[in-house]
Amino acid sequence: MRVVVSIGGSVLAPDLDPDRVAAHADALERVAADGCEVGVVVGGGGVAREYIETARELGADEVQLDRLGIGTTRLNARLLIAALGDRASLSPAEEYDDAAASLRRGEVSIMGGVTPGQTTDAVAAAFAEAVDADLLVYATSADGVYDVDPNVHENATQYAELTPAELVDIVLPMSRNAGASAPVDLLAAKLIDRAGLRSVVLDGTDPSAIVDAVLRGEHSGTDVVPTGTNEPSYWTGTR
Ligand code: UTP
């Protein structure tokens, strides 16, 4: 099975703790050792936000701010590369083709951000589409997709399963409200819909959740399942 895992910066490096990064590297290695091809996209998290806010006060324009954000995603990606050693790509790929080539070499292929005007949510979806991944996992600090922002609404309800088109419909109004935090951003949802990517949104704080989701399809987050698709045969042992 070929999987792309998006690990939020706030999940991998809310602070700089080598044990936390090593635990995520171990989880990815377990998935790879089971026979999966593994691509990873790392986000910027709080560090990105601090850089962006500081540079915004200094008068930087939005593209400059995005470039700072991309820089922090690649710094976080290099932490994961340090933990994985020679099992990972040498450096964060800056192009999807380079990331795909790394995957073909059998490495855990690691990317950060790519281009201004988007987030790593979209990078992960584009990477998954580019390599025809069987599964895309968003390991976030949210524990799934809700009908409304659970940080704002007490009675928000988590979806167990959605279609990609439903995901787009849910994320669309969130993307219009400044400050509302969508678990996956709108561009990513549209790419998931366009490519028909089976996806999972889960709480990645405990990296073993990623292992259970990839190897067995077990998790307490939200499945995004394109209409008319079957479960990956990997999960039913008929591979
Ligand atoms: P993240 O993907 O971490 O953004 O990229 P985020 O959604 O703000 O992070 P979480 O999910 O809340 O932790 C950090 C920043 O880097 C820039 C954007 O400015 C983004 O906000 N970025 C990232 C890009 O401009 N292009 C990319 O391809 C990726």
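Refer to the structure printed above.
Values in this document were obtained by computation on a predicted structure and should not be read as measured data. Counting of residues starts from 1 at the beginning of each chain's written sequence and follows it residue by residue. Local features in a predicted model are, by the rule used here, given only for residues with pLDDT of at least 70; side-chain atom pairs are given and counted only at 80 or more, and totals for whole chains, interfaces and linings are based on all residues. Calculation of side-chain values draws on the structure's entire complement of heavy atoms; hydrogens and water are dropped beforehand.

A few points about the packing of helix H7 (residues 164-176) against helix H8 (residues 186-195)
Axis separation between H7 and H8 bottoms out at 9 Å; the angle between their running directions is 165°. In terms of orientation, H7 lies roughly antiparallel with respect to H8. Of the two elements, H7 crosses H8, and the hand of that crossing is left-handed. Facing H7, whose interface residues are Pro 164, Ala 165, Leu 167, Val 168, Val 171, Leu 172 and Ser 175, H8 presents Leu 186, Ala 189, Lys 190, Ile 192 and Asp 193. Across the contact of H7 with H8, the residue classes tally to 9 nonpolar, 1 polar and 2 charged. Throughout, an axis means a line fitted to C-alpha atoms (over the contacting stretch in the case of helices), and angles, computed between N-to-C directions, take values from 0 to 180 degrees. Numbering goes from the N terminus for both helices and strands, where a helix is a DSSP run of H or I of at least four residues and a strand is a run of E of at least two. Just so you know how the angles are binned, under 35 degrees is roughly parallel, over 145 roughly antiparallel, 65 to 115 roughly perpendicular, and the rest oblique. Two helices that cross are described as forming a left-handed crossing if the nearer one is turned anticlockwise from the farther one by less than a right angle, and a right-handed crossing if clockwise. Should any heavy atoms of two residues lie within 4.5 Å, those residues are counted as being in contact. Here the term charged refers only to Asp, Glu, Lys and Arg, the term nonpolar to Ala, Val, Leu, Ile, Met, Phe, Trp, Tyr, Cys and Pro, and the term polar to all other amino acids, Gly among them.

What to know about the site of the ligand
Proximity is defined per residue: if any heavy atom of the residue lies within 4 Å of a molecule or strand, that residue is considered near it. What surrounds the ligand is a group of 20 residues, the closest being Gly 44, Asp 66, Val 114, Thr 115 and Thr 120. Here a polar contact is taken to be a pair of N or O atoms separated by no more than 3.5 Å, where protein atoms must pair a possible hydrogen donor with a possible acceptor and residues adjacent in sequence count only if both atoms sit in side chains. Between the ligand and the protein, one listed contact pairs a nitrogen atom with a backbone N or O atom of Thr 115 at 2.6 Å. For the ligand, an oxygen atom lies 2.4 Å from a polar atom in the side chain of Thr 120. Listed by contribution, the elements that provide at least two residues to the shell around the ligand are helix H3 (45-57), helix H4 (62-84) and helix H6 (120-130).

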